[in-house]
Amino acid sequence: MCFICDFKSRAADSAAPPRPEPLWSARRAFVLAAAGTAGAALTGLPAHAQVDVGKSSGLRKLVPAAELENAARQQYGEMMAEARGKGTLMPDQHPQVRRLRSMAGRLIPHTLPWNSRARDWRWEVNLIQSDQINAFCMPGGKIAFYTGILDKLQLSDDESAMIMGHEMAHALREHARERLAKTQATGIGLSLLSSLFGLGELGNVAASLGTQLLTLQFSRSDESEADLVGLELAARAAYQPQASVSLWQKMAATSGSGGPAFLSTHPSGPDRIRELQSNVPRVQRLYEQARKG
């Protein structure tokens, strides 16, 4: 997830017309007008949420969350074992590993309101030595950063926290689960009806398609949700909200030389930066309160 696809998505994104604020997807049609606790409960948003990301797609329920998380855990374990075998898995005592794990320790306490399953996730954070400018969080809280994204972009802790919060948000909002459900529903066709009552073929999606978790390409609305939820998570963890803007400005600056892998599924452009800028004031007070705390 949030991994390597091709750069056509970035080109298409830059050519697309400006998107309405704060979100562009049809999902906005389902946002309830009710506010407060009742409205938040119906939309699946935390009652205290300062950012508006709308309602999660019900399609994700067609893929069993536990099976998908088990598949992610297995694939993540295999990746880490391979990196260890190659000598590219950075050791626990490495300063950058300790830095990332400390960061996660500040962010994780704020994840539960966004997804009750996060209570049972066994979060992991690892660092892989690679020139790739990339990072991801798989379903179930399995996080990996590549040294390239930290070193080449010279990220501050605040900027790194924005990336981590963004990737966590993909897992919390269950974007991979939704993408797999939509992919399989299209292929299965009419059997989807029976699946609604017993999952049927979709019940095996997580196990059979676990290898796709790192190649899923998220939609614009998925990316916007991850930006905003990650922004709020980071602000609550006392990371400077404005760093979300400087991060994507750095990302945009790298695109001139072909762009990193991260940008193939995380297009950077004026629209994205403007949306983050417009949401920074919404979470600034959270940041200030967290700093005082």
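Residues numbered from 1 in each chain as written. Predicted model: local features only at pLDDT ≥ 70, side-chain atom pairs only at ≥ 80, totals over all residues. Heavy atoms only, no water.

> Run through the overall build of the protein, naming residues and quoting values.
Regarding its fold elements, the protein presents 13 helices and 3 strands. Taken across its 293 residues, the protein has 55% of its residues classed as buried. Of the contacts made within the protein by residues no fewer than 6 positions apart, 78% connect residues no fewer than 24 positions apart. Of the roughly 13,000 Å² of accessible surface on the protein, a fraction of 53% belongs to carbon and sulfur atoms. (Helix = DSSP H or I, 4+ residues; strand = E, 2+ residues; numbered from the N terminus. Buried < 20%, exposed > 50% of the residue type's maximum accessible area, 1.4 Å probe, protein only. Contact = heavy atoms within 4.5 Å. Areas by Shrake-Rupley, 256 points an atom, 1.4 Å probe, with all protein chains shown as cover.)

> I'd like a description of the pairing of strand S2 (residues 135–138), backed by residues and values.
The two faces of a sheet get side chains in turn, since along a regular strand they alternate between them. Of the two faces of S2, the one holding Ala-135 and Cys-137 and the one holding Phe-136 and Met-138 are both buried throughout. One ladder, built from 4 bridges, connects S2 with strand S3 (residues 142–146); its direction is antiparallel. Residue pairing in the sheet places Ala-135 in a bridge with Phe-145 of S3. Following S2, the chain reverses through 3 residues before pairing antiparallel with S3; Gly-140 in that reversal takes a positive phi of roughly 90 degrees. (Pairing = 2+ DSSP bridges.)

> Describe the sheet that holds S3, and please don't skip the residues or the numbers.
The strands that make up a sheet are held in pairs by hydrogen bonds between backbone atoms, and each pair lies either parallel or antiparallel. With mixed pairing, 3 strands are arranged side by side in an open sheet as S1-S3-S2. Because the sheet does not close on itself, it has two edges, and the strands there are strand S1 (124–128) and S2. The average undirected angle you get between the axes of adjacent strands in this sheet is 15 degrees. Its contacts with the sheet place helix H4 (residues 95–107) against S1 and S3, and it is angled at close to 150 degrees to S1. (Axes fitted to C-alpha atoms, helices over the stretch in contact; angles between N-to-C directions.)

> Can you lay out unusual backbone geometry for me, pointing to particular residues and giving the numbers?
Non-glycine residue Gln-154 carries a positive phi angle of around 50 degrees. The topology assignment puts Gln-154 in the loop between helix H5 (147–151) and helix H6 (157–172). Under the relative-accessibility criterion, Gln-154 is labelled exposed at 59%.

> Can you lay out the packing of aromatic side chains for me, pointing to particular residues and giving the numbers?
Summed over the entire model, instances satisfying the criterion amount to 2 aromatic pairs. Above the ring of Tyr-239, the side-chain terminus of Arg-106 is found at 3.8 Å from the ring centroid. (Phe/Tyr/Trp six-rings, centres within 6.5 Å; stacked < 30°, edge-to-face > 60°. Lys NZ or Arg CZ within 6 Å of the ring centre and 35° of its normal.)

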